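# Commentary on secondary and tertiary structure
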Amino acid sequence: MQLSPMEGLTLEHVYNELSSPALSAHSVRIDAMHGAPSEAIKPLLCNYLRCAEVEAGGAGGANVAGTLAAQSLSGAKLFILFKVKENAVKIDLKCSNPKLGKDVASDLKKLLL
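It should be emphasised that the depicted structure is a prediction, and the values quoted were computed from it without experimental measurement. Position labels on residues start from 1 in each chain and follow its written sequence. Since the coordinates come from a predicted model, pLDDT governs what is reported: local features require at least 70, and pairs of side-chain atoms require 80 or more to be given and counted, while whole-chain, interface and lining totals use all residues. To obtain the side-chain values, all non-hydrogen atoms of the structure were included, while hydrogens and water were left out.

## Comments concerning the environment of Val 84
Helix and strand assignments come from DSSP, with helices taken as H or I runs of at least 4 residues and strands as E runs of at least 2, each series counted from the N terminus. Within the element layout of this structure, Val 84 appears in strand β5 (residues 77–84). By relative accessible area, which is 14% here, Val 84 ends up buried. Here's how the labels work: a residue is buried when its accessible area is under 20% of the maximum for its type, exposed when over 50%, partly exposed in between, all with a 1.4 Å probe on protein chains only.

## Here's the deal with the environment of Lys 90
Positionally, Lys 90 belongs in strand β6 (residues 88–95). Judged by its relative accessible area of 34%, Lys 90 is partly exposed. Sequence separation between Lys 90 and Ser 27 is 63 residues, and the spatial gap between their C-alpha atoms is 7.4 Å. Polar contacts here mean pairs of N or O atoms no more than 3.5 Å apart (in protein, one a potential hydrogen donor and the other a potential acceptor; neighbouring residues in sequence count only if both atoms are side-chain atoms). Of note is the side chain of Lys 90, whose polar atom sits 3.0 Å from the side chain of Asp 92.

## A look at helix α3 (residues 98–109)
For α3, built from 12 residues, the straight-helix expectation of 16 Å at 1.5 Å per residue is met to within 8% by its first-to-last C-alpha distance of 17 Å. Of all the positions in α3, only Leu 100, Gly 101, Val 104, Ala 105 and Leu 108 are classed as buried. Within α3, the buried residues cover an arc of 135° as seen down the axis, which keeps them to one side. Structural note: α3 exposes Lys 99, Lys 102 and Lys 109 on the side pointing more than 90 degrees away from its buried face. Two residues qualify as a contact provided that any one of their heavy atoms is within 4.5 Å of a heavy atom in the partner residue. In the core, the buried residues of α3 are packed alongside β1 (3–5), β2 (24–31), α2 (38–49), β4 (65–72), β5 and β6. What a helix is expected to span follows from its residue count: subtract one and scale by 1.5 Å. By definition, the arc is the one covered by directions from the helix axis to the C-beta atoms.

## Re the state of the cysteines
Two cysteine sulfurs form what is called a disulfide whenever their separation falls within 2.5 Å. If you walk through the whole model with that rule in mind, you get zero disulfides. Of the cysteine sulfurs around Cys 46, a residue in no disulfide, the closest is that of Cys 51, at 4.3 Å. Among the residues examined, Cys 46 registers a relative accessible area of 17% and is labelled buried.

Quick look at the structure:
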């Protein structure tokens, strides 16, 4: 799986994409066992998944929630919506390629925070 960041997207564009019934959906909950600070989660996800933040810094600069986007070499789109809670991170994946979405969800379950 090789992903590249989708730069320059607006939230409106992503919301339009997310309304497509063609996207598969996967949810992952990662326990923050090692106590990673909430401000470290967004950069960690961006680096791990090679994705870009949608409208970076637009939501008051808070790092507790966000929308990220990436694209595979074959053109499959991956949208990552995350929310940092007290002892866990909830991640919703929406992907135009169901296998890619399932593979990314599986990889994220192995991630230790």
